[in-house]
Amino acid sequence: MFQSPIFNRRQTIAGAVSIGGAIGISQLLQSIAAVAAEATENDQRHCVLLWMSGGPSQLDTFDMKPKHKNGGSFKEIATAVPGLRFSEHLPQLAKQADQLAILRGMATKEGDHQRGTTVMRTGHSAGGPVRYPAIGCSLSKSLRNPDSKLPHYVTVAPGPFARSSQSPGFLGPKFAATSVSVSGPPAANNFAQLRVDHLQPHGFVDSERFERRLALWESMQASYLKTRNAPNIIAQDTVYRSAIDMLGSDAKDAFDLSAESDTVREAYGRGTFGQGCLMARRLIERGVPLVEVTLGDGLGWDTHANNFEQVQRLCEQLDAGWATLMTELSDRGLLEKTTILWAGEFGRTPAINSNGGRDHFPQAFSCVLAGGGVAGGQAFGATSPDGMEVIEGKMDQQDLLATLCKALGVDPKSENIAEGGRPIAIAEGNPIDQVLL
Amino acid sequence: MMRIVCIHFVLTLIVSIGSVGRCGETTGDRFASPSDRVDQYLSESWQETATRPSPRSGDAEFCRRAWLDLAGVAPPVWQLRRFLADPSGDKREHLIESLLNSSRFATHMAHRWNEFLLPAETADDRQVDATALHAWLRKQFLNNTPYDHLVGGFLTAGGKSDQGPAIFYTSRNLEPVKLAAATSRLFMGVQLECAQCHDHPFARWTQDDFWSFAAFFAQLQLSETNLRGGGQAIEDRSGAEVMFPDSDRVMAPRYPGATSPPESDPTDFRRRQLTIWLASRNNPYFARAAANRVWAHLFGRGLVEPVDAMDSSNPPSHPELLQYLADYLVEQRFDLRELYRMLTRTQAYHRTSAISEGERPRADSFAAMNVKTLSASQYFDSLSQNVLLGRFNAAADSPQAEQAVRGEFLRRMKAPEAEPSDYPHGVVQVLGMMNGPEMLVATAEKQSGLIASMEAPFFSDSDRIETLFLACLSRPPSDTELEMFLAHLNDASAEQSSAARLSDLTWILLNTAECFVCP
């Protein structure tokens, strides 16, 4: 019988505990530490996509222009890295600036939400004959651990356009994201309720009975697949088997945030984004390669009016969730294996409109890379003093995605086969080596 | 009428060569036995690749297919039994005929078009308007309104009497750009909006084409009349214009690809101006897009796939066949039901989707039927009709209880842009399938309508198993399956009531891949 690496680790821990009495508690702690180290020594890499739905304002976050009239009302603050300055509303991230590489020279051609979202997540414009997969799908395919009982790609509270822009495209449904949504209003303790429902068979079906059901189900599936091995049938079977695997394992506990103390939950922030970042940490601890967390219920960053009020509120959530995630991953030795990308579909206009808002601006905006494989503590690229154009280090979505791949140790040129046998690279751009370790 | 196929298109039509080549034939010859003609086009394409078509499907497979395609629901068990027992040779034609003429067909078509017409992210609070659209569409399909009239009515709708289509416009905030994009996708099968910011990368559209097309929607406004029931109506008022981006250039309305402006409208009602060309045989894209959608509905993928990317870079799998279907639709004066009738009489539509030997033919060869994933509503409505049997909420037995669970199921399983050739669901949705509330009611011994109905003492175990198969999979069990299921019913090693055993069997069938597809 095949044994999963997780199972092996558990056995080792159990062994250590049983001899713990004889060898003394300090040795026991040492051996647990050793086991933990072994657990993290595997090559599993992780990626967290922090998606800012609506298009976040670069001028009020990571590319401040306090001396120019376009700069707006926010002040900038110093960070842990001399010379690198963020918005006053990102104080916790400022302390971890040595982990962040700010990419200030991003530019794309899409200023529409839906198409911009597709461009940023797939690298390609929508509408061509090739159904390009979202980067999360391609990366989770490259990074996945085939023995894991958990999904390879989990997305928390995805925003609008998720189906078109988060689609696995020609990779097929096997690589689709598993979506966790908010189930109902916040609980009495005010934490956003993120849940995966229906994680238990119906009450009257005990595990023995469930097993008997599955045995007969298996033979029905096998005989249908024999004559109908079409992609949708194969996909149904694959997804069912993943779900059944998950039901039968402890891995599903990853989704149970009530197992965390209120102090920890509070640190991440009570909203969907904060709790989503906490779930990301739990999933990464259990080996999930790719987690995406969206900030901005609907198109929250689409701040055409009252930009500053809204951005401040969003930044508070962003700062708490993201910074706590990095701290906790770092405590567990997982940050160096986890690459984080912060991005939205585009940036906002430097000029402030008559409603105190900023409009869509794909010509010059910022994205941020952090964590594993990333040479943090720097800003790469620059915009003009008024923020209207990129004057240094200009890059597009393909360069961004290629850089992300390389940070994760995935060759961006590695190819997947599209419909019609056409090989397609994960990302076609040039990785920015200056921000890579 | 005789020269329809020779109409001189103002636009360059990529695929018109095939039809022009046959202009010498009389219309009568060309459309004499259209179903055979379709099969001929297909079999010619198989010769080149030495593809072997699959044999004719069995009656049960065909019955499930026809019901799910045309009525949107699996056959009711008694209808299926009657169909299987019917010895007459033309029973399939009769079945198609009765389904096409039933109100279920109109309802199902309205449902499909509702999904096409509304943006995927339509907010839940727009239900009043979505229902109005459904009712409007259903009426058109009940009356078998010709497709050009239907689209024309849709595109010129305004005021209180035409409340239904309003949501198409309001859900896109009356924005000319979004409406131009949606209209070109839906009714022309092309993605004109790719030319919004730059000339189209794959097709011949220019940025000017897009913006002058958008100008047809420049004058939309919300009507000030408040409608009862909270719905909204729209109207056109002159004044507003569309500007070319980053310029002061006012865009005059113009048909895509045309060099001169359209004939002026007496009241400058621009959407009527648009309709005169768009929903007509003079628009070469219109009939092709419609025919391709009908084909995709019945055969699981379009002759051009995706159906809204009919660009020069994405050629049809069978160009001549597609042109023939478009010409046929024009010849039939845009009678959609007639196109459905003709296509469901082809041999291709009657082929089995099972391949017992050798490799499965390519999906775009149509040499075997493609298995189509059911939509969430097809699955739920079949479950409701054949398994739940109205027993939804034993405590508070009311139609509302079932509607609420149906709504919740559809929300959970929503996959608006999914193709029938995809299985669009992930682990979370599958957990809901296996352990969710509708499955609970379908399989809990005390609640399941189907299980309760089989308690009658005059049923043998074999009868019960057969009924389960007919209800869940629309076919009787094979000998092997019957044997396996009987063994489960009589397994002495497990301490279970017979109802609990039936519950297991129901759960198993409802979670098989077979139960999720139209075969």
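Residues numbered from 1 in each chain as written. Chains lettered and ligands numbered in written order. Predicted model: local features only at pLDDT ≥ 70, side-chain atom pairs only at ≥ 80, totals over all residues.

Turning our attention to the overall build of chain B. Counting secondary structure elements, chain B contains 25 helices and six strands. Counting all 519 residues of chain B, 46% fall into the buried class. Of the contacts made within chain B by residues no fewer than 6 positions apart, 70% connect residues no fewer than 24 positions apart. (Helix = DSSP H or I, 4+ residues; strand = E, 2+ residues; numbered from the N terminus. Buried ≥ 20, exposed ≤ 12 C-beta atoms within 10 Å, placed from the backbone. Contact = placed C-beta atoms within 7 Å.)

Counting secondary structure elements, chain A contains 13 helices and 17 strands. Counting all 437 residues of chain A, 53% fall into the buried class. Here the analysis covers contacts within chain A between residues at least 6 apart in sequence; of these, 73% occur between residues at least 24 apart.

Next up on the list: the interface of chain B and chain A. The interface is formed by 48 residues belonging to chain B together with 47 residues belonging to chain A. Among the secondary structure elements, those contributing two or more residues to the side of chain B that touches chain A are helix 20 (427-435), helix 24 (479-489) and helix 25 (498-510) of chain B. Top contributing element to the side of chain B that touches chain A by residue count: helix 20 of chain B, with seven residues. Of the residues contributing to the side of chain B that touches chain A, the split by class is 26 nonpolar, 16 polar and six charged. (Nonpolar A, V, L, I, M, F, W, Y, C, P; charged D, E, K, R; others polar.)

Before going further, it helps to spend a moment on the environment of Ala 101 of chain A. Residue and element names in this part refer to chain A. Relative to the assigned elements, Ala 101 resides in strand 4 (residues 100-106). When the 24 C-beta atoms within 10 Å are taken as the criterion, Ala 101 is described as buried. Along the chain, Ala 101 and Leu 325 lie 224 residues apart, while their C-alpha atoms are 17 Å from each other. Setting aside its immediate chain neighbours within four residues, Ala 101 contacts Val 368, Leu 369, Val 374, Ala 375, Gly 376, Gln 378, Phe 380 and Val 435.

We now examine the pairing of strand 9 (residues 338-344) of chain A. Looking down a regular strand, the side chains alternate between one sheet face and the other. Residue and element names in this part refer to chain A. For strand 9, the buried fraction is high: seven of the seven residues fall into the buried class. Here strand 9 shows a buried face lined by Thr 338, Ile 340, Trp 342 and Gly 344 and a second buried face lined by Thr 339, Leu 341 and Ala 343. Summarising the sheet, strand 1 (residues 46-52) and strand 9 pair through seven bridges and their orientation is parallel. Its bridge partner lying in strand 9, Met 52 is registered against Gly 344. Bridge count for strand 9 against strand 12 (residues 365-371) is four bridges, and the pairing is antiparallel. Looking at the pairing, Thr 339 lines up with Gly 371 of strand 12. (Pairing = 2+ DSSP bridges.)

Before going further, it helps to examine the sheet that holds strand 4 of chain A. Residues and elements named next belong to chain A. Taken in spatial order, the nine strands make up an open sheet running 7-6-5-8-1-9-12-4-13, and their pairing is mixed. The open sheet terminates on both sides in strands that have one partner only, identified here as strand 7 (194-195) and strand 13 (378-380). Pairing analysis gives two bridges linking strand 6 (residues 178-182) to strand 7, with the strands arranged antiparallel. The residue bridging Ser 181 from the neighbouring strand is Arg 195, located in strand 7. Strand contacts of helix 13 (residues 397-407): strand 4, strand 9 and strand 12, with the helix running at about 5° to strand 12, the strand carrying the most contacts. (Axes fitted to C-alpha atoms, helices over the stretch in contact; angles between N-to-C directions.)

All names here are of chain A. Judged by how many residues are buried, strand 12 sits mostly within the fold: seven of seven residues are covered. By the bridge criterion, five bridges tie strand 4 to strand 12 in an arrangement that is antiparallel. The residue bridging Ala 101 from the neighbouring strand is Leu 369, located in strand 12.

Most often, soluble globular proteins have nonpolar side chains that are buried together. Grouped together as the largest cluster of nonpolar side chains are 252 residues, with contacts concentrated most on Leu 50, Leu 103, Ala 243, Val 368 and Leu 369 of chain A together with Leu 329 of chain B. When sequence neighbours within four positions are dropped, the list of residues in contact with Leu 50 of chain A reads Val 293, Leu 295, Trp 322, Ile 340, Leu 341 and Trp 342 of chain A. (Core = buried A, V, L, I, M, F, W, Y, C linked by C-beta atoms within 7 Å.)

With that settled, the discussion passes to helix 23 (residues 461-473) of chain B. Residue and element names in this part refer to chain B. In this model helix 23 runs 18 Å from its N-terminal to its C-terminal C-alpha over 13 residues, within 8% of the 18 Å that 1.5 Å per residue would give. Within helix 23 the residues assigned to the buried category are Arg 464, Ile 465, Leu 468, Phe 469, Leu 470, Ala 471, Cys 472 and Leu 473. Residues of helix 23 that are buried make contact with helix 5 (77-85), helix 18 (376-388), helix 22 (449-453), helix 24 and helix 25. (Expected span 1.5 Å × (residues − 1).)

What follows deals with unusual backbone geometry. Residue and element names in this part refer to chain B. Looking along the chain, the bond that leaves Glu 305 and enters Pro 306 is cis, with omega of -5°. Of note, Pro 306 is situated in the loop between helix 14 (284-299) and helix 15 (319-331). One non-glycine residue with positive phi stands out, namely Asn 144, at about 50°. The phi torsion at Leu 174 lies on the positive side, around 60°, for a residue other than glycine. Mapped onto the secondary structure, Leu 174 falls in the loop between helix 10 (166-170) and helix 11 (176-188).

All names here are of chain A. Where helix 11 (residues 272-285) contacts helix 12 (residues 307-331), the axes come no closer than 8 Å and their chain directions differ by 15°. As summarised for this structure, helix 11 and helix 12 are arranged roughly parallel, according to the angle between their axes. Regarding helix 11 and helix 12, the two cross each other, and that crossing is right-handed. Of helix 12, the residues touching helix 11 (which contributes Phe 273, Gly 274, Cys 277, Ala 280, Arg 281 and Ile 284) are Gln 317, Leu 318, Ala 320, Gly 321, Trp 322, Thr 324, Leu 325, Glu 328 and Leu 329. In terms of residue class, the contact of helix 11 with helix 12 is made up of nine nonpolar, four polar and two charged. (Parallel < 35°, antiparallel > 145°, perpendicular 65-115°, else oblique. Left-handed = near helix turned anticlockwise from the far one by under 90°.)

All names here are of chain B. Axis separation between helix 24 and helix 25 bottoms out at 9 Å; the angle between their running directions is 145°. Helix-helix and strand crossings are classified by hand; for helix 24 and helix 25 the assignment is right-handed. Where helix 24 approaches helix 25, its residues Phe 485, His 488 and Leu 489 are matched on the opposing element by Ser 498, Arg 501, Asp 504 and Leu 505. Considering only residue class, the contact of helix 24 with helix 25 consists of three nonpolar, two polar and two charged.

To continue, consider the confidence of the model for chain A. All names here are of chain A. On average, residues of chain A score 87 in pLDDT, and 88% of them are at 70 or above. A low-confidence stretch, residues 1-24 stays under pLDDT 50, and its non-local contacts, those more than four residues away or across chains, total 16 contacts. Segment residues 34-41: pLDDT under 50, and seven contacts once partners within four positions in sequence are set aside and those in other chains are kept. (pLDDT = per-residue confidence, 0-100.)

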